[in-house]
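Report on the structure
Residues per chain are reported as follows:
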Amino acid sequence: MELCISAPPTLSYVKSCVVSPPISSISLCNFLRPTKQFTSLRISRSSPHFLHFPRKISICARAVAPPAVTDTVKDPLPADLIVQEIQEPNCRILLKVEVPRIVCDDCYKRVINEFMKKAKVPGFRPGKKVPESILISYIGKDGVRKATVESILKRTLPHAMSSVDGRALKDSIRITSTFPEMEKTYSSLNILKYDIIVDVAPEVKWVPENGYKNLKIVVELDNEIDAKTACERELKRRYKSLSTMRIVTNRGLQIGDVAVLDISATTVEQEGSEVKNVPAAESKGFQFDTEDGDRVIPGFLDAIIGVQGGETKSFPLTFPDSWKQEDLRGLPCQFTVECKELFYRELPEMNDSIADKLLPGCTTIDQVRESLLERCVELEQTAKDQATDNAILDQLRKMIQVEIPQSLFEEQGRQLYGARLLQIQANMKLNEEQLAMLSSPKAVREYLENQRENIENVIKQNLAVGDIFKRENLEFSTDELVKEVENSVAEFKKHAQEYDEESIQEQVQEVLEGAKVLEWLRENADIQYIIK
């Protein structure tokens, strides 16, 4: 149950460079698109492999998409365009473009010539020159005008973008003028005017300058990652797995029992606000081990102690301010819990006779403990490294000043929200109605609005890392890149997932660059560890 069981902290950096199959994203591919639009996220229930390979949120040196480039060679124009560049907030530039009459006339002639080649005008053989007036009458004035405006746009757009070449962010270019407006201007004045907005790569300012070179980091480590504690917890888990479950028939839930629960949750009714479901806190057939009471929302275990099979209890609980899932912190909820079944355990005696069952190949309990401890020591180091990286990244984003382009904010937000949906879908079975609600345009907008600060923090971390990679002239080997691309491609093929190798290479390169930066920072920072 996603919102009852305390989830591990989200890591901004992962050491693995395997690029996961991409999630569905919200994108507007046509350059004639509105400036604000949210499309629903689509996550297929028929694609179970997504559940096993959630998109990794990793720090990359290229925090923004590569500059937008056009594959179309600029077609020479008979005259220059008039382009006014206006700087707007958040790294956005407004380009006011005016296409002179001589260019419009040239585009019109090209359109007429194309129609003459392709149009099958009654009474004229294919390829035969058709008088312009007859051709326009056959095609229709509206059709010719629309085709001419489209031709002007297609031909002049690369020229209009010249002033932002190398700075414009990919997929951020939008023509804000409507097509009817452009048609009207062309029809009345024989010129064309249109406005373009484009986001450009942000500039990072360090406060203090080069402050990243003298980092002093305090890393708080959770006592749960302690190898010995983790070892005993894992041994206990394996021991409990050898138990025989017996149905409880004559009493209520006690500590040590396992209950199968159907759980639902809503927000608490408050003046001026409507009651809403909290889908991620709902679960059907959730097997709750009462010995894991410290891993659920405080008060949950106490509220259901004594419940009997078939009984339903409803009670209010508030997520603590320290809850790891930030959007739930301080949220009051009304939980409704139905106990479907109730079991108690019959455990074998803990002695050497069950050692091989606890860990194949072991003959004594001491061997089991030693082997588990060795594994837990490795996990402890990994968790320590990840905690160190997170502390470094958190410090970096506080040391930079930067304007964040809206297109970058929305793209990063969509990725984070898509990853969150995949995690929810992996942890619980969403029905079609729940999935549609969570992936709706409204849900996406609300997430972006509510999580603005968190999304901006991730972007700042990315930008900081990218800037350091360039400043320090860091590098990685071609062999590393090739190896990780091959590994990623293999994962896509393993799950019969379509992929674009160029995109994979770009993503892998970003992750490798981020890893190099964090490695450099760990070597050069003053790091202190404390147990919380």
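Since this is a predicted model, take the numbers as computed values, not measurements.

Some remarks on the overall build of the protein chain
Helices and strands together make up the secondary structure of the protein chain, namely 15 helices and 13 strands. Out of the 532 residues belonging to the protein chain, those deemed buried represent 43%. Expressed as a percentage of contacts within the protein chain between residues at least 6 apart in sequence, the contacts between residues at least 24 apart total 77%. About 29100 Å² of surface is accessible on the protein chain, with carbon and sulfur atoms providing 48% of the total.

Considerations on the nonpolar core
As a rule of thumb, soluble globular proteins bury nonpolar side chains together. Of all hydrophobic cores here, the largest spans 52 residues; its most connected members are W206, L215, L396, I468 and L521. Mapped by element, the contributors of at least two residues to this core are β6 (216-221), α9 (365-398), α10 (406-427), α11 (432-438), α12 (441-450), α13 (452-471), α14 (478-494) and α15 (501-524). Sort the elements by how many residues they give to this core and α13 lands first, with eight residues. Excluding residues that lie within four positions of it along the chain, L215 makes contacts with I392, Q395, L396, M399, L521, A525 and D526.

Details of the packing of helix α2 (residues 101-118) against helix α3 (residues 132-139)
Relative placement of two packed helices is described by the angle separating their axes and the distance separating the axes. Orientation of α2 relative to α3, taken along the N-to-C sense of each, is 75 degrees, at an axis distance of 11 Å. When the axis of α2 is compared with that of α3, the two are roughly perpendicular. Between α2 and α3, the residues in contact are Y108, I112, F115 and M116 and E132, L135, I136 and I139, respectively. Its residues placed into classes, the contact of α2 with α3 shows seven nonpolar, no polar and one charged.

Describing the packing of aromatic side chains
The full count for this structure, using the stated rule, is 11 aromatic pairs. Between the aromatic rings of F286 and F288, the centroid separation amounts to 6.2 Å while the plane-to-plane angle is 25 degrees, which identifies the pairing as stacked. Note on F288: relative accessible area 1%, which makes it buried. Taking 5.7 Å as the distance between ring centres and 50 degrees as the angle between the ring planes, the aromatic pair formed by F492 and Y499 counts as tilted.

Quick look at the confidence of the model for the protein chain
Residues with a pLDDT of 70 or more make up 86% of the protein chain, whose mean pLDDT is 83. A low-confidence stretch, residues 2-71 stays under pLDDT 50, and its non-local contacts, those more than four residues away or across chains, total 209 contacts.

What to know about the side chain of T156
Mapped onto the secondary structure, T156 falls in helix α4 (residues 141-160). A polar contact of 2.7 Å, which involves the side chain of T156, links it to the backbone oxygen of I152. T156 has contacts with L77, L81, V99, V103 and Y194, leaving out every residue within four places of it along the chain.

Quick look at the environment of L94
Here L94 shows up in strand β2 (residues 92-99). Using a relative accessible area of 13% as the deciding quantity, one classes L94 as buried. In contact with L94, not counting residues within four places along its chain, are Q84, E85, I86, E88, D195, I196 and I197.

Quick look at the sheet that holds β2
With antiparallel pairing, four strands are arranged side by side in an open sheet as β1-β2-β4-β3. Both outer strands of the open sheet, β1 (82-88) and β3 (174-175), are each paired with one neighbouring strand and no more. For β2 and strand β4 (residues 192-199), the ladder comprises eight bridges, and the chain directions are antiparallel. Paired with E98 across the two strands is K193, which belongs to β4. Contacting β1, β2, β3 and β4, α4 crosses the sheet at an angle of about 45 degrees to β4.

Here we look at the pattern of salt bridges
Taken as a whole and judged by the stated rule, the model has 35 salt bridges. Here K118 makes a salt bridge to E114, at a shortest N to O gap of 3.6 Å. Within this pair, K118 and its partner E114 are both found in helix α2, separated by four residues, close to a single helical turn. Of the residues examined, E114 reaches a relative accessible area of 36% and is grouped as partly exposed. Among the ionic pairs, E183 bridges to K146, the shortest N-O distance being 3.2 Å.

Description of a negative patch on the surface
A contiguous patch of negative charge, built from E486, D500, E501 and E502, is present on the exposed surface. With respect to the element layout, E486 can be found in helix α14.

Some details on unusual backbone geometry
The peptide bond linking V207 to P208 adopts the cis configuration, its omega dihedral lying at 0 degrees. Mapped onto the fold, P208 is located in the loop between β5 (205-206) and β6. You will see that D171, though not glycine, has its phi angle at about 65 degrees, which is positive. By the element assignment, D171 lies in the loop between α4 and β3. Residue N210 is not a glycine yet carries a positive backbone phi of 60 degrees. Along the chain, N210 falls in the loop between β5 and β6.

Conventions and cut-offs
- Residues numbered from 1 in each chain as written.
- Predicted model: local features only at pLDDT ≥ 70, side-chain atom pairs only at ≥ 80, totals over all residues.
- Heavy atoms only, no water.
- Helix = DSSP H or I, 4+ residues; strand = E, 2+ residues; numbered from the N terminus.
- Buried < 20%, exposed > 50% of the residue type's maximum accessible area, 1.4 Å probe, protein only.
- Contact = heavy atoms within 4.5 Å.
- Areas by Shrake-Rupley, 256 points an atom, 1.4 Å probe, with all protein chains shown as cover.
- Core = buried A, V, L, I, M, F, W, Y, C linked by side-chain atoms within 4.5 Å.
- Axes fitted to C-alpha atoms, helices over the stretch in contact; angles between N-to-C directions.
- Parallel < 35°, antiparallel > 145°, perpendicular 65-115°, else oblique.
- Nonpolar A, V, L, I, M, F, W, Y, C, P; charged D, E, K, R; others polar.
- Phe/Tyr/Trp six-rings, centres within 6.5 Å; stacked < 30°, edge-to-face > 60°.
- pLDDT = per-residue confidence, 0-100.
- Polar contact = N/O pair within 3.5 Å; in protein donor to acceptor, adjacent residues only side chain to side chain.
- Pairing = 2+ DSSP bridges.
- Salt bridge = Lys/Arg side-chain N within 4 Å of Asp/Glu carboxyl O.
- Patch = residues over 30% accessible without salt bridge, like charges linked within 9 Å, V, L, I, M, F, W, Y side chains within 5 Å.
- Lys, Arg positive; Asp, Glu negative; His and termini not counted.
- Charge placed at Lys NZ, Arg CZ, Asp CG, Glu CD.

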